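# Overview (structure and organization)
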Amino acid sequence: MHTDLVAALDIGGTKIAGALVDGDGSLLVRAQRPTPAREGAEAVMGAVDEVLGELMASPLWGRARSVGIGSAGPVDAAAGTVSPVNVPGWRDFPLVERVHKTAGGLSVALVGDGVAMTAAEHWLGAARGYDNALCLVVSTGVGGGLVLGGTLRPGPSGNAGHIGHISVDLDGDPCPCGARGCVEGIASGPNIARRALENGWRPGPDGDATAAAVAVAARAGDPVA
Ligand SMILES: [Zn+2]
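Quick look at the structure, then. As the structure is a computational prediction, the values presented were derived from the model and not from experiment. (Residues numbered from 1 in each chain as written. Predicted model: local features only at pLDDT ≥ 70, side-chain atom pairs only at ≥ 80, totals over all residues. Heavy atoms only, no water.)

## Brief notes about the coordination of the zinc ion
Quick reminder of the rule: Donor atoms (N, O, S) are those found within 2.8 Å of the metal centre, with the cutoff raised to 3.2 Å for Na, K and Ca; water is not part of the atom list, so apparent gaps in a site can occur. In short, tetrahedral needs four donors with all angles between 85 and 135 degrees, square planar needs four and octahedral six donors with opposite donors over 155 degrees apart and all other angles between 65 and 115, and whatever is left is irregular.
With distances of 2.0 to 2.3 Å, the protein atoms coordinating the zinc ion are His-165 (ND1), Cys-175 (SG), Cys-177 (SG) and Cys-182 (SG). Here the zinc ion is ringed by 4 donor atoms whose angles at the metal span 103 to 119°, and the overall shape comes out tetrahedral.

## Here's the deal with the packing of helix α1 (residues 41-56) against helix α2 (residues 95-102)
Put simply, the rule is: Convention adopted: a line fitted to C-alpha atoms gives each axis, helices being fitted over their contacting stretch, and angles between N-to-C directions are expressed from 0 to 180 degrees. Secondary structure elements follow DSSP: runs of H or I of four or more residues count as helices, runs of E of two or more count as strands, with numbering from the N terminus. Left-handed describes a crossing whose near helix is turned anticlockwise from the far helix by less than a right angle; the clockwise case is right-handed. Here, residues are in contact when the closest pair of their heavy atoms is within 4.5 Å. Just so you know the grouping, Ala, Val, Leu, Ile, Met, Phe, Trp, Tyr, Cys and Pro go in nonpolar, Asp, Glu, Lys and Arg go in charged, and all remaining residues, Gly too, go in polar.
It is at 10 Å that the axes of α1 and α2 come closest, and there the two elements cross at 35°. Of the two elements, α1 crosses α2, and the hand of that crossing is right-handed. Contact with α1, carried on its side by Glu-42, Met-45, Val-48, Asp-49, Leu-52 and Met-56, involves Leu-95, Arg-98, Val-99 and Thr-102 of α2 and no other residues of that element. Of the residues assigned to the contact of α1 with α2, the class counts are 6 nonpolar, 1 polar and 3 charged.

## With respect to unusual backbone geometry
Note the following rule: Note on classification: 1.4 Å probe, protein chains only; a residue is buried when its accessible area is under 20% of the maximum for its type, exposed when over 50%, partly exposed between these limits.
Geometrically, the link from Gly-73 to Pro-74 is a cis peptide bond, its omega value of 0° lying close to zero. Position of Pro-74 relative to the elements: it lies in the loop between β4 (64-71) and β5 (75-76). Even without glycine at this site, Asp-92 takes up a positive phi of about 50°. If you trace the backbone, Asp-92 turns up in the loop between β6 (81-82) and α2. When its relative accessible area of 56% is taken as the criterion, Asp-92 is described as exposed.

## Some remarks on the packing of aromatic side chains
Stated precisely, the cut-off is as follows: Note on ring pairs: Phe, Tyr and Trp rings are taken, using the six-membered ring of Trp, and paired if centres are within 6.5 Å. Classes follow the plane angle, with under 30 degrees stacked, over 60 edge-to-face and the rest tilted.
Inspection of every chain in the model, using the stated rule, returns 1 aromatic pair. Ring centres 4.5 Å apart and planes at 5° place the aromatic pair Trp-90 and Phe-93 in the stacked group. Classification of Trp-90 as buried rests on a relative accessible area of 0%.

## A word on the environment of Ala-17
The topology assignment puts Ala-17 in strand β2 (residues 15-21). Classification of Ala-17 as buried rests on a relative accessible area of 17%. In the structure, Ala-17 is positioned 59 residues away from Asp-76 in sequence and 20 Å away in space, judged by C-alpha atoms.

## Regarding the sheet that holds strand β9 (residues 142-148)
For clarity, the cut-off: Strands were regarded as paired on the criterion that DSSP finds at least two bridges between them.
Judged by pairing direction, the sheet is antiparallel, and its 3 strands sit side by side in the order β8-β9-β10 without closing on themselves. Edge positions in the sheet fall to β8 (133-138) and β10 (151-152), since each has one partner strand and no second. Of the strand pairs in this sheet, β8 and β9 are connected by 6 bridges, and their pairing is antiparallel. Among the inter-strand pairings, Val-138 is bridged to a residue of β9, identified as Val-142. Packing against the sheet, helix α3 (residues 113-124) makes contact with β8, β9 and β10, and its axis sits at approximately 50° to β9.

## Overview of the environment of Thr-3
Structurally, the position occupied by Thr-3 is in the segment before β1 (5-11). It is 5.3 Å that separates the C-alpha atoms of Thr-3 and Arg-65, two residues lying 62 residues apart in sequence. The residues touching Thr-3, leaving out its near neighbours within four places in the chain, are Gly-62, Arg-63, Ala-64 and Arg-65.

## Topic: the pattern of salt bridges
Basically, it comes down to this: Salt bridges are identified by distance alone: a Lys or Arg side-chain nitrogen within 4 Å of an Asp or Glu carboxyl oxygen.
For the structure shown, the criterion picks out 6 salt bridges. Notably, a salt bridge pairs Glu-50 with Arg-33, separated by 2.7 Å at the nearest N-O pair. One end of the pair, Glu-50, is in helix α1; the other, Arg-33, is in strand β3 (residues 27-34), and 17 residues separate them in sequence. Among the residues examined, Glu-50 registers a relative accessible area of 44% and is labelled partly exposed.

The following block contains the structure:
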């Protein structure tokens, strides 16, 4: 059969999403599970397998020629492993090998999620037509990726442009990555709200529902987006 589709996996600290995507970037089949981020390695992989299982149950699965993974970082694209800061159960987890096995032997490509997002923005989104771009995502974390000279530049490890764990305050708060004062610790969605609350901001009495929801999520330590 004609293999004109790609299976895509987006692995984040909040959710694991999958899709079968055609050559125009249209998502023909979608699946999603929450990430059991506080559980062990196999529980997280179980959620990945469920997402893949749902895609594989589609009659379109036979048209998939490979699997592309964008994962929360850091990743090691050369080794095929991931160690997402927000998924402590996965440290040097052999994600490529495991997905290859579940997906019936299809080839698997891995990059950091910021790099994957940048590839998409360059192909179909805000960076279309530009030869040089730094694309940023601000969510549970802060990620990014680079297009230089018209080409996506993931770097040898697949993490180039991942600015969330650059230290911008050497005496700042400790970060789960081991450094201090990381961009992500200051500028991710939950941390923007946390810092605002610590500095005396309160959502107004009839205030903005989004701001209030952000504040509640920040207090609970939950991801905002
Ligand atoms: Zn950090």
